[in-house]
Amino acid sequence: MSTATETKMINFMGQRFLAMALSAVVIIASLGGLWMKGLNFGIDFTGGTLIEVSYQKPVDLTVLRNDLAEAGFDEAVAQHFGAAEDVLIRIAPRDGMNSAQLSNQVMDALRSASADPIELRRVEFVGPQVGDELTEDGALAVLYALFGVLIYVALRFEWRFSLGSVAALVHDVIITLGVFAWTQMQFDLTVVAAILAVIGYSLNDTIVVFDRVRENFRTMREADPVEVTNIAVNQMLSRTIMTSLTTLLVLLALFFLGGEVIHGFAAALIVGVVVGTYSSTYVASAIALILGVSKEDLMKAPKEDRNTESEEAELQRLFLEQEAKREAKLASKGIKEDE
């Protein structure tokens, strides 16, 4: 039985340095993308113009988006608003144009592409100051989440595991942002929510592996840390793969069938789940090993001295009691100890 198990073991930790080199290259590429191209911030961050229009018939959003793109508004976000006939269009700000001019151009484009009358319900401007506040709050939300993870894992396990898990989460977030930078997909608050979900998902996988590592350290006393970690990763491998695959099935359905509004949200989660599965296997555990985690770090401080002393005192007390009873019994019979 044990032989069959050993033959199925994959030496993940044996390739940890190669995996970390790969992660370093991808992180550098992601940071390069963020530096050279930056993120394509949506109207939530940049501010812009909200335009609500109403048709007499249900609107096909794909056709409407194509009409806007042909008119030069390819970055516009359109979604149904309460009913299939009502549409809310979000336009990013443009230099030298105010909300009225933008709304006029959008209405001209829509009316030229549709034979049905279109009613302009409202035009609102979301100021850049609101966008700045949302940018700051979004970044702070991610930082607070990472800081909370750092404290939780340090208290639950050990500080080396804490640093490993946070490094894995930072790894996941940077690569996800890098994908958005290189592809120039729109980055809005739904993507921030997806990144926070990625942090939670990746942390869950990492904690499961760490928990098994801790159990193995207690039961495999002769094995070294690398072997213990490798066995833990293999023991959790089927669970990790099945969880990731079932999650990806849902996310792929959202990406292809969920519509334009949650396209970025689904894309961020797909990237995050793939990268998070990789990092929970290679990055978090590998960093904990590099920091020198050992069996002694995960074992509770021995209480043997105190227990031994109390046990010895108890045994001595019982012994003295028995001796006293025996001497009393002998004395009652008039028998001396020496006899």
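Residues numbered from 1 in each chain as written. Predicted model: local features only at pLDDT ≥ 70, side-chain atom pairs only at ≥ 80, totals over all residues. Heavy atoms only, no water.

K.L.:
For the sheet that holds strand 3 (residues 77–80), give the residues involved together with the corresponding values.
P.N.:
In a beta sheet, neighbouring strands are held together by backbone hydrogen bonds and run either parallel or antiparallel to one another. Read from one edge of the open sheet, 4 strands run 3-4-2-5, paired in antiparallel fashion. Among the strands making up the open sheet, the edge pair consists of strand 3 and strand 5 (118–126). In this sheet, adjacent strand axes meet at a mean angle of 20° when their direction is disregarded. Two elements, strand 2 (residues 48–55) and strand 4 (residues 86–91), share 6 bridges in a ladder whose sense is antiparallel. Looking at the pairing, Ile-51 lines up with Ile-89 of strand 4. Across the face of the sheet, helix 4 (residues 61–70) comes into contact with strand 2, strand 3 and strand 4 while running at roughly 155° to strand 3. (Pairing = 2+ DSSP bridges. Helix = DSSP H or I, 4+ residues; strand = E, 2+ residues; numbered from the N terminus. Axes fitted to C-alpha atoms, helices over the stretch in contact; angles between N-to-C directions. Contact = heavy atoms within 4.5 Å.)

K.L.:
Report on the packing of aromatic side chains, specifying residues and quantitative values.
P.N.:
Per the counting criterion, the structure on display carries 6 aromatic pairs. Note on Phe-180 and Phe-187: the rings are 6.1 Å apart at their centroids and 90° apart in plane angle, and the pair reads as edge-to-face. Look at Phe-255 and Phe-256: their rings are 5.1 Å apart centre to centre, the planes differ by 90°, and that puts the pair in the edge-to-face class. One aromatic cluster in this structure is built from Phe-12, Tyr-278 and Tyr-282. (Phe/Tyr/Trp six-rings, centres within 6.5 Å; stacked < 30°, edge-to-face > 60°.)

K.L.:
Describe the UniProt feature "transmembrane region" (unreviewed entry) in the protein chain, and please don't skip the residues or the numbers.
P.N.:
As annotated in UniProt, the feature "transmembrane region" (unreviewed entry) corresponds to residues 17–36, 138–155, 162–183, 189–210, 241–259 and 265–293 in the numbering used here. Across residues 17–36, helical content stands at 100% and strand content at 0%; the span's end C-alpha atoms are separated by 28 Å. (UniProt positions renumbered as here; feature names shortened; annotations may be inferred.)

K.L.:
Pulling in residues and values, what's your account of the environment of Arg-16?
P.N.:
Examined against the element boundaries, Arg-16 turns out to sit in helix 2 (residues 16–36). Once the C-alpha coordinates of Arg-16 and Ile-287 are considered, the two residues, 271 residues apart in sequence, prove to be 9.1 Å apart. Residues contacting Arg-16, with those up to four places away along its chain left out, are Val-226, Tyr-282, Ala-286 and Leu-289. Of note is the side chain of Arg-16, whose polar atom sits 2.7 Å from the backbone oxygen of Met-13. (Polar contact = N/O pair within 3.5 Å; in protein donor to acceptor, adjacent residues only side chain to side chain.)

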